[in-house]
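# Descriptive structure summary
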Amino acid sequence: VAHIIDGSKIAQELQKEIAAEVQDFQADTGVTPCLVVLLAGSDPASAVYVQRKRDACARVGIRSELYQPYIGFSEGQKTLEGILCYLNEEPWCHGILVQLPLPSPVNQYTIFDLINPDKDVDVFNPLNVGLLVQGRPRLKPCTPHGIQEMLRRSGIGIAGKKVVVINRSDVVGKPLSSMLLQDNDEYANATVTVCHNRTPPALLKEITRAADIIVVAVGIPGFLTADMVRAGQVVVDVGVNRLGGKKLVGDVDFAAVSKIVEAISPVPGGVGPMTVTMLLRNTLEAAKEQVQR
Ligand code: NAP
């Protein structure tokens, strides 16, 4: 039976460390790190995620502010851009998080382009994405960094390992695969394969069975099945799916897969709390950079 990678516990440890650092920073500078969350649109899941992030901020002593602009009209994009331009210049605001998805017709890429790179705690601005790909990140994106840190603190090596990432989105697969293949990070140097919708199922199975570490983030309950894994592997389940009754599950057929592999991260209690924790870390790092300048 697999070892369960306890993301919640690791996240709690990290949050304790961050809370202590926030206190030291305040004592040194008199400044409280502040995250501003922009929640545009009416996606109910987004509202839950935003509340979770704000609760976590409060736990570690980071101030958080919520902006909920109404942008569902023809000038909505300009409204959002105006708020961003204001926040970009405000010295009390150290981190800006634009909760996705943005309602249409807002073009998310023009919004990413506008976020002050110093305050871009989600690492969406193309300057920061470029620095990440070149192996010289200022901040690391929250979900990939959470996965990396969860594995590191679980004593699971990455260098030289064969890692498969089933996802190629801007939030998970692209940044994670890029981070894991860097040559200048002791916690990278993996051989990375990225799979997606156009990967034929037979090939996907061949690749997952050959991997040492499988990261799955497709958003389909029970997607990673027992026949796709083998003994000795580590499985990281990024998926977040709500089953009919509201039960939260990941992308892995947990009951079957956990009997075969060596270690597995559960849902809930795996990557989710790590992602939130890395947002706190990034807000503190951004504040340090901005205040020390
Ligand atoms: P997304 O943009 O929809 O990405 C899903 C990825 O899965 C895409 O790359 C897609 O391929 C691939 N995919 C879908 N069906 C597949 C199949 N049959 N075979 C192989 N690949 C397949 O979503 P996302 O934003 O990256 O999020 C993915 C999941 O992770 C969601 O469940 C989300 O809720 C969860 N998530 C969790 C956290 C956390 O902190 N726990 C953070 C972010 C996301 P194509 O590119 O070809 O469409």
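Residues numbered from 1 in each chain as written. Predicted model: local features only at pLDDT ≥ 70, side-chain atom pairs only at ≥ 80, totals over all residues. Heavy atoms only, no water.

### Structural notes on the overall build of the protein
- Of regular secondary structure, the protein possesses ten helices and eleven strands.
- In terms of overall dimensions, the protein is globule-like: its C-alpha atoms have a radius of gyration of 19 Å, near the 19 Å expected for 293 residues.
- Dimensions of the protein, computed from C-alpha atoms along their principal axes, come out at roughly 55 × 45 × 40 Å.
- Expressed as a percentage of its 293 residues, the buried residues of the protein come to 48%.
- Counting contacts in the protein only where the partners sit at least 6 residues apart, residues at least 24 apart contribute 70% of the total.
- Treating the 29 positive side-chain charges of the protein as one cloud and the 31 negative ones as another, the clouds have centres 5 Å apart. (Helix = DSSP H or I, 4+ residues; strand = E, 2+ residues; numbered from the N terminus. Rg over C-alpha atoms; globule rule 2.2 N^0.38 Å. Buried < 20%, exposed > 50% of the residue type's maximum accessible area, 1.4 Å probe, protein only. Contact = heavy atoms within 4.5 Å. Lys, Arg positive; Asp, Glu negative; His and termini not counted. Charge placed at Lys NZ, Arg CZ, Asp CG, Glu CD.)

### Re the pairing of strand β4 (residues 95-98)
- Side chains G95 and L97 of β4 all project onto a buried face; the interleaved residues I96 and V98 project onto the opposite face, where all are buried too.
- Note: strand β2 (residues 34-38) against β4, four bridges, orientation parallel. Counterpart to V36 in the pairing with β4 is I96. (Pairing = 2+ DSSP bridges.)

### Quick look at the site of the ligand
- Near the ligand there are 19 residues, and of these N167, R168, S169, N197 and T275 occur at the shortest range.
- Between the ligand and H196, the relevant distance is 3.4 Å, taken from a nitrogen atom to a main-chain nitrogen or oxygen of the residue.
- Expressed as a share of its isolated accessible area of 930 Å², the protein-covered part of the ligand is 70%.
- For the shell around the ligand, the element with the highest residue contribution is helix α10 (residues 271-292), accounting for three residues. (Near = heavy atom within 4 Å. Polar contact = N/O pair within 3.5 Å; in protein donor to acceptor, adjacent residues only side chain to side chain. Areas by Shrake-Rupley, 256 points an atom, 1.4 Å probe, with all protein chains shown as cover.)

### Some remarks on the side chain of N128
- Tracing the sequence through the fold places N128 in helix α5 (residues 126-133).
- On the basis of relative accessible area, N128 is assigned to the buried category, the value being 4%.
- Here the side chain of N128 touches D120 through a polar contact of 2.8 Å, side chain to side chain.
- Apart from residues no more than four positions distant in its own chain, N128 is found in contact with P117, D120, V123 and R138.

### Focus on the nonpolar core
- Membership of the largest hydrophobic core comes to 46 residues, with the highest contact counts inside it found for I5, I147, L151, V215 and V236.
- Considering every element that reaches this core, the biggest residue donor is α10, with nine residues.
- Sequence-distant contacts of V236, defined by excluding residues within four places in its chain, comprise I147, M150, L151, I214, V215, V216, S265 and V271.
- By size, the runner-up hydrophobic cluster in this structure holds 17 residues, among which are A211, V235, V252 and I264. (Core = buried A, V, L, I, M, F, W, Y, C linked by side-chain atoms within 4.5 Å.)

### Quick look at the pairing of strand β6 (residues 191-195)
- For strand β5 (residues 162-166) and β6, the ladder comprises five bridges, and the chain directions are parallel. Paired with V165 across the strands is V194, a residue of β6.
- A crossover links β5 with its parallel partner β6, the connecting element being helix α7 (residues 173-180), and its sense is right-handed. (Right-handed = clockwise from strand over helix to strand, strands pointing away.)

### Quick word on the environment of K162
- Within the secondary structure, K162 is located in strand β5.
- With 49 residues separating them in the primary sequence, K162 and A211 have C-alpha atoms 5.0 Å apart.
- When neighbours within four sequence positions are excluded, K162 is seen to be in contact with T191, T193, A210, A211, D212 and I213.

### A look at the packing of helix α6 (residues 142-153) against α7
- Running from N to C, α6 and α7 cross one another at 45 degrees; their axes reach a closest spacing of 8 Å. Regarding the angle of α6 to α7, the classification is oblique. Handedness of the crossing formed by α6 with α7: right-handed. Along the contact surface, α6 presents P144, H145, I147 and Q148, while α7 presents P175, L176, M179 and L180.
- Its residues placed into classes, the contact of α6 with α7 shows six nonpolar, two polar and no charged. (Axes fitted to C-alpha atoms, helices over the stretch in contact; angles between N-to-C directions. Parallel < 35°, antiparallel > 145°, perpendicular 65-115°, else oblique. Left-handed = near helix turned anticlockwise from the far one by under 90°. Nonpolar A, V, L, I, M, F, W, Y, C, P; charged D, E, K, R; others polar.)

### Quick notes on the confidence of the model for the protein
- Taken over all residues, the pLDDT of the protein has a mean of 96, while the share at 70 or more is 100%.
- Element-level mean pLDDT values for the protein span from 93 in strand β9 (residues 241-242) up to 99 in β5. (pLDDT = per-residue confidence, 0-100.)

### Comments concerning the packing of helix α1 (residues 7-29) against α10
- Relative orientation of the contacting elements α1 and α10 amounts to 15 degrees, with a least axis distance of 9 Å. One element, α1, and the other, α10, form an angle in the roughly parallel class. In this structure, the crossing between α1 and α10 has a hand that is left-handed. Across from G7, S8, I10, A11, L14, Q15, I18, E21, V22, F25 and T29 in α1, the residues of α10 making contact are P273, M274, T277, M278, L280, R281, L284, E285, A287, K288 and V291.

### Describing the sheet that holds β2
- Strand order in the open sheet made by the three strands is β3-β2-β4, with parallel pairing throughout. At either end of the open sheet lies a strand with only one pairing partner, and these are β3 (63-67) and β4. Each strand of the sheet is rotated relative to its neighbour by a mean of 20 degrees, with strand direction disregarded.
- Examined bridge by bridge, β2 and β3 share five bridges and lie parallel to one another. Directly across from V36, in β3, lies its bridge partner E65.
- Relative to the sheet, helix α2 (residues 44-60) contacts β2, β3 and β4, its axis offset from that of β3 by approximately 155 degrees.

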